[in-house]
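# What the coordinates show
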Amino acid sequence: MGNYSLWSVVKHGLTGNKGWKPVWRKAAPKPSYDVIIVGGGGHGLATAYYLAKEHGITNVALVERGLIGQGNVGRNTTIVRSNYLLPENARFYEWSLKLWEGLSQELNYNVMFSQRGVLNLAHTPMQLDQYAQRGNAMRLNGIDAELLGREDIARLCPGIDLSLNARFPIEGGLFQPRGGTARHDAVAWGYAYAADGMGVDIVENCEVLGFIREGDTIIGVNTSRGEIRAPKIGVAVAGMTSEVMRKAGVETLPIESHILQAFVSEPVKPLIDTVVAFGAGHMYVSQSDKGGLVFGGNLDSYNSYAQRGNLPIVHEVVAELLAVFPNLGRLKLLRSWGGVMDMSMDGSPIITTGPLPGLFLNCGWCYGGFKATPGSGWCFAWTIAHDEPHARNAAFTLERFHAGAVIDEKGAGAAPRLH
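Computed from a predicted structure; not experimentally measured.

## Section: the overall build of the protein
- Helix and strand content of the protein: eleven helices and 19 strands.
- Against the compact-globule benchmark of 22 Å for 419 residues, the protein has a radius of gyration of 21 Å, which places it among compact chains.
- In terms of overall dimensions, the protein has C-alpha extents of about 65 × 65 × 40 Å along its principal axes.
- Counting over 419 residues, the protein shows a buried share of 55%.
- Partitioning the intrachain contacts of the protein with sequence separation of at least 6 by distance along the chain shows that 74% fall at a separation of at least 24.
- Summed over all atoms, the accessible surface of the protein reaches about 17700 Å², with 53% contributed by carbon and sulfur.
- Here the protein carries 37 positive and 38 negative side-chain charges, and the mean point of each set is 7 Å from the other.

## Quick notes on the packing of aromatic side chains
- Going through the model one piece at a time under the given rule, you end up with 17 aromatic pairs.
- Taken together, a centroid distance of 4.3 Å and an interplanar angle of 5 degrees make the contact between Tyr84 and Tyr93 stacked.
- Residue Tyr84 is classed as buried on the basis of its relative accessible area, which comes to 10%.
- Overall, the relative accessible area of 3% leaves Tyr93 in the buried class.
- Relative to Tyr93, the ring of Phe92 lies with its centre 5.1 Å away and its plane at 85 degrees, an arrangement referred to as edge-to-face.
- Within the aromatic cluster, the residues linked to one another by ring pairs are Tyr84, Phe92, Tyr93, Trp365 and Phe396.
- The ring of Trp378 is capped by Arg392, whose NZ or CZ atom sits 5.1 Å from the centre of that ring.

## Let's talk about a nonpolar patch on the surface
- Together, Leu6, Trp7, Val10 and Leu14 make up an exposed nonpolar region whose accessible area comes to about 520 Å².
- When you line up the elements, Leu6 lands in helix 1 (residues 6-14).

## Structural notes on the packing of helix 3 (residues 87-101) against helix 10 (residues 373-386)
- Following both chains from N to C, one finds helix 3 and helix 10 inclined at 105 degrees, their axes separated by 7 Å at the closest point. Considered as vectors, helix 3 and helix 10 are oriented roughly perpendicular to each other. Counted together, Phe92, Trp95, Ser96, Leu99 and Trp100 of helix 3 and Thr373, Pro374, Gly375, Ser376, Trp378 and Cys379 of helix 10 form the full contact between these two elements.
- By residue class, the composition of the contact of helix 3 with helix 10 is seven nonpolar, four polar and no charged.

## Quick look at the sheet that holds strand 19 (residues 359-363)
- With mixed pairing, the six strands of this open sheet are ordered in space as 8-2-1-12-19-18. The sheet terminates laterally at strand 8 (201-203) and strand 18 (350-353), the two strands that pair on one side only. Shown here is a sheet whose adjacent strand axes are inclined to one another by a mean of 15 degrees, direction ignored.
- Bridge analysis of strand 2 (residues 60-63) against strand 8 gives three bridges, and the strand direction is parallel. Within the sheet, the bridge partner assigned to Val63 lies in strand 8 and is Val203.

## What to know about unusual backbone geometry
- Of the consecutive residues Gly354 and Pro355, the connecting peptide bond is found in the cis state with omega at 15 degrees.
- Within the fold, Pro355 resides in the loop between strand 18 and strand 19.
- Unlike most non-glycine residues, Ala238 shows phi in positive territory, near 50 degrees.
- Here Ala238 lies in the loop between strand 12 (232-235) and helix 8 (241-246).
- Note on Ala238: relative accessible area 21%, which makes it partly exposed.
- A positive phi angle is found at Cys366, which is not glycine, with a value near 50 degrees.
- Inspection of the secondary structure assignment puts Cys366 in the loop between strand 19 and helix 10.

## Concerning the pattern of salt bridges
- Applying the stated criterion to the full structure yields 18 salt bridges.
- Across the salt bridge formed by Glu204 and Lys26, the nearest N and O atoms sit 2.6 Å from each other. Taken as a pair, Glu204 in the loop between strand 8 and strand 9 (208-214) and Lys26 in the loop between helix 1 and strand 1 (35-38) lie far apart in primary sequence, 178 residues in all.
- Accessibility expressed as a relative area gives 6% for Glu204, which makes it buried.
- Residues Arg155 and Asp152 are paired through a salt bridge, measuring 2.6 Å at the closest nitrogen-oxygen approach.

## Some details on the side chain of Ser348
- With respect to the helices and strands, the residue Ser348 is situated in the loop between strand 17 (333-344) and strand 18.
- A polar contact of 3.0 Å, which involves the side chain of Ser348, links it to the side chain of Asn89.
- Other than its neighbours up to four places away in sequence, Ser348 contacts Asn89, Gly364, Arg400 and Ile407.

## What to know about the sheet that holds strand 10 (residues 217-223)
- With antiparallel pairing, the three strands of this open sheet are ordered in space as 9-10-11. Either end of the sheet is taken by a strand with one partner, and the two such strands are strand 9 and strand 11 (226-229). The mean inter-strand angle of the sheet, taken between neighbouring strand axes irrespective of direction, is 30 degrees.

## A few points about the environment of Leu209
- Relative to the helices and strands, Leu209 resides in strand 9.
- Ignoring sequence-local partners within four residues, the contact set of Leu209 consists of Asn222, Thr223, Ser224 and Lys247.

## Quick notes on the pairing of strand 14 (residues 275-278)
- Here strand 14 shows no split at all, with Val275 and Ala277 on one side and Val276 and Phe278 on the other all buried.
- Of the strand pairs in this sheet, strand 4 (residues 118-122) and strand 14 are connected by three bridges, and their pairing is parallel. Paired with Asn120 across the strands is Ala277, a residue of strand 14.
- Pairing analysis gives three bridges linking strand 14 to strand 15 (residues 283-287), with the strands arranged antiparallel. The partner of Phe278 across the bridge, within strand 15, is Met283.
- Taking the residues between adjacent antiparallel strands as the criterion, strand 14 and strand 15 are bridged by four residues.

About the cut-offs
Residues numbered from 1 in each chain as written. Predicted model: local features only at pLDDT ≥ 70, side-chain atom pairs only at ≥ 80, totals over all residues. Heavy atoms only, no water. Helix = DSSP H or I, 4+ residues; strand = E, 2+ residues; numbered from the N terminus. Rg over C-alpha atoms; globule rule 2.2 N^0.38 Å. Buried < 20%, exposed > 50% of the residue type's maximum accessible area, 1.4 Å probe, protein only. Contact = heavy atoms within 4.5 Å. Areas by Shrake-Rupley, 256 points an atom, 1.4 Å probe, with all protein chains shown as cover. Lys, Arg positive; Asp, Glu negative; His and termini not counted. Charge placed at Lys NZ, Arg CZ, Asp CG, Glu CD. Phe/Tyr/Trp six-rings, centres within 6.5 Å; stacked < 30°, edge-to-face > 60°. Lys NZ or Arg CZ within 6 Å of the ring centre and 35° of its normal. Patch = residues over 30% accessible without salt bridge, like charges linked within 9 Å, V, L, I, M, F, W, Y side chains within 5 Å. Salt bridge = Lys/Arg side-chain N within 4 Å of Asp/Glu carboxyl O. Axes fitted to C-alpha atoms, helices over the stretch in contact; angles between N-to-C directions. Parallel < 35°, antiparallel > 145°, perpendicular 65-115°, else oblique. Nonpolar A, V, L, I, M, F, W, Y, C, P; charged D, E, K, R; others polar. Pairing = 2+ DSSP bridges. Polar contact = N/O pair within 3.5 Å; in protein donor to acceptor, adjacent residues only side chain to side chain.

If you want it as structure tokens, here you go:
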């Protein structure tokens, strides 16, 4: 497949754009591979790509039950950041952010990564003190962080309500300049394009129906397109993790599946130049290149595998948006969607070997799945290639829940719906 370049855009534009080739092949599954990746979302695609690029393992099948880009990788609010407090999460997400910064050039595919910054608003002096603590921890870990006052926020985001009689007055905020947004579907297409170019077979419409065992060891998968065998099988299926792992005989995992809704408004002229997160509740908003406001907030509290949510969350998130930007009161919603979130019991991810021989697990991403895409794929590929975790994901094991060594970023403990 030809590389994308300014010259290729001009050439195809002059010929009616009729000569573009498919971004990836429609591969048929072979009987066996060195590695099988179950799940064609961002994490699965990134894992397949880094297996080929970093470890020279190109005899890889990525099996996806539907079409590439129709799962969570295309159902999120596109935010990228590394502003975490605890060192395990801070180091991991900062590595992911560094990969984001060179991703378009590396993949030869524009993922539209925009480092417009991420601003977390503080609405009380105590909250501002907590942000100062987090910002200092970030800077000790080599991560950019700035503590902003009201005047700084007024310059950064002129449309925000900074009046003293606001429902939730703003005291200041924590700003990460290198954070931002990326185009979610372009990320999926870019990784698919690059992985396919290295020889990875991307097999769509190939649902895993069961796992093939030899004693306690997993040696393959039964799919809707036949049996496929491999000595190593990685599972990266986000909110469907419990259902897929149940097919391998694993009945209990420290995760729950919940719906996380997102919304897009009708397009308006430029208003919000950064990502803004509401501190008195849970709401985050940015403005897309097309002018629509992209925002989301809390989970639907009940467990579900549906890709849609309910109206109480719509009311809650919109109310929080208007508390910060009352000038949006007459704006109309254009569309909404829901992603199935795999919420871990401590709010931190799982990237590990096991829980059965031959099997590797990537799950528990809570709200952090999209921004973790490059780092998750890189670490999961290392874990699969070396049969042990890299230092960057060594803490993200299943054993931490047995040992009580949880990485509880938000203090919500074993209530994943609160993360």
